[in-house]
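Read off the chains here:
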Amino acid sequence: MSSQTSSHKPRVAVVFGGRSSEHAISVLTAGAVLRAIDREKYDVLPIGITTDGRWALTADDPDRMAITDRRLPSVAELAESAEGGVVLPVDPTNREVVYNEPGSVPKALGEVDVVFPVLHGPYGEDGTLQGLLELSGVPYVGSGVLASAVGQDKDYMKRVFASFGLPVGPYEVIRPREWEQDPAAARKKIVDFAGEHGWPLFVKPARAGSSMGISKVDDLSGLDEAIEEARSHDPKILVESLLRGREIECGVLEFEDGPRASVPAEIPPVTAHDFYDFEAKYIDSATGIVPAPLTAEQTAKIQELAVAAFEAASCEGLVRADFFLQDNGEFVINEINTLPGFTPISMYPRMWQESGVSYPELIDRLLQAALRRSTGLR
């Protein structure tokens, strides 16, 4: 490959951080990924994106990308400079990454063969970064522009799944203009939804993840506060009814012969939290049960549905598919994550570990799948 270094090892740019509310989760994921990449096989260039959008050259130091005393890490703390910026040229004929520092001559950092984006949420997982990399002609891990956008927007994700005949639970969407122009009418829309499907409701940002901005609303008195909390993350919000049953997850990974599903995992009820929220996931280290205690038939069904969701949204590389196993025995798909967390306690790598794919092998398979694919239409 012409853009490889003199050692002939593919050069991986691990891009992390970002402008979304999931910035810190991305830093945690980057630390785990950097620790797991086989340095005998790949050269690595860590690039952090600050919360204000600056691409920074960062230390290759996974130990600093961790939660310390319940304090979340940030790219600003890892950046080698408070002002310097990394530039990825939007030119398919040139993969040379350049570092600019005010008052200094631009420094060439070498060419990049593949990007491993570990950004979560808007401006990273939603197709925006993927579009930039397509323009640059640089292969990257994970789904393309369309699948990334669909996977980020829970409204359109559910519409796609429903159109493919996948089971989706009841939901309602409040778009930005609806709330801004007539909040009373928007509120009535939600109340009518509750009248049909019952309380409690879950009010969440339509385009966020890591359980950011989600509220469980037991009655009308908590509705406005929940809406404002969700809108602080995304002006478009989603309202879902409570699906009574078990939370089951399943990983999908792209192999040479196509996507395969992992053993599923179960997220048990968390006693200290109303639901599996951000604190439960990342601060209090709630753990799932891997593999999930399901029958052989149930396991086969959820694996079939997970791969079907992967294909319906035209995904590539990897997906974590989240389901509810309802009390009536039927599965309902809640959502997919096209760039699920890779922190040490994250469910996606744990499910694949139990399926016989170690963490380093998982990273290697994702990088090799990206290097096999062309950019552009495929």
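What counts and what doesn't
Residues numbered from 1 in each chain as written. Predicted model: local features only at pLDDT ≥ 70, side-chain atom pairs only at ≥ 80, totals over all residues. Heavy atoms only, no water. Helix = DSSP H or I, 4+ residues; strand = E, 2+ residues; numbered from the N terminus. Rg over C-alpha atoms; globule rule 2.2 N^0.38 Å. Buried < 20%, exposed > 50% of the residue type's maximum accessible area, 1.4 Å probe, protein only. Contact = heavy atoms within 4.5 Å. Areas by Shrake-Rupley, 256 points an atom, 1.4 Å probe, with all protein chains shown as cover. Lys, Arg positive; Asp, Glu negative; His and termini not counted. Charge placed at Lys NZ, Arg CZ, Asp CG, Glu CD. Salt bridge = Lys/Arg side-chain N within 4 Å of Asp/Glu carboxyl O. Phe/Tyr/Trp six-rings, centres within 6.5 Å; stacked < 30°, edge-to-face > 60°. Lys NZ or Arg CZ within 6 Å of the ring centre and 35° of its normal.

(A) Main features of the overall build of the chain. Of the regular secondary structure elements, the chain holds 12 helices and 16 strands. Against the compact-globule benchmark of 21 Å for 378 residues, the chain has a radius of gyration of 21 Å, which places it among compact chains. For the chain, the spread of C-alpha atoms along the principal axes amounts to about 65 × 50 × 45 Å. Looking at the chain as a whole, 56% of its 378 residues qualify as buried. Long-range pairs, those at least 24 residues apart, make up 66% of the contacts in the chain between residues at least 6 apart in sequence. When the accessible surface of the chain is totalled, it reaches about 15,900 Å², and 50% of it is carbon and sulfur. Treating the 36 positive side-chain charges of the chain as one cloud and the 57 negative ones as another, the clouds have centres 2 Å apart.

(B) Examining the pattern of salt bridges more closely. For the coordinates displayed, the defined rule picks out 30 salt bridges. Across the pair Lys204 and Glu240 runs a salt bridge whose closest N-O atoms are separated by 2.9 Å. Of this pair, Lys204 sits in strand β9 (residues 201-205) while Glu240 sits in strand β11 (residues 237-241), and the two are 36 residues apart along the sequence. Residue Glu240 is classed as buried on the basis of its relative accessible area, which comes to 7%. The shortest N-O distance in the salt bridge between Glu249 and Arg320 comes to 3.5 Å. A residue pair is termed long-range when its members are at least 10 positions apart, and Glu249 in strand β12 (residues 245-255) and Arg320 in strand β15 (residues 318-326) qualify at 71 residues. Judged by its relative accessible area of 11%, Arg320 is buried. Put simply, Glu134, Glu254, Glu316, Arg373 and Arg378 are held in one network by salt bridges that share partners.

(C) Examining the packing of aromatic side chains more closely. On inspection of all chains with the given rule, the structure shows five aromatic pairs. Considering the side-chain rings of Phe255 and Trp352, the 5.9 Å spacing of their centres and the 50° angle between planes classify their relative orientation as tilted. A residue pair is termed long-range when its members are at least 10 positions apart, and Phe255 in strand β12 and Trp352 in helix α11 (residues 347-354) qualify at 97 residues. Taking relative accessible area as the criterion, Trp352 reaches 3% and is therefore assigned buried. Considering the side-chain rings of Phe342 and Tyr359, the 6.2 Å spacing of their centres and the 20° angle between planes classify their relative orientation as stacked. Here Phe342 is found in the loop between β16 (331-337) and α11, whereas its partner Tyr359 is found in helix α12 (residues 359-372), with 17 residues between them in sequence. Under the relative-accessibility criterion, Phe342 is labelled buried at 1%. Clustering of aromatic rings is evident, with ring pairs tying together Phe116, Phe342, Tyr348 and Tyr359. Arg19 extends its terminal NZ or CZ atom over the ring of Tyr123, reaching a point 3.9 Å from the ring centre. Against the face of Tyr171 rests Lys158, its NZ or CZ located 5.6 Å from the ring centre.

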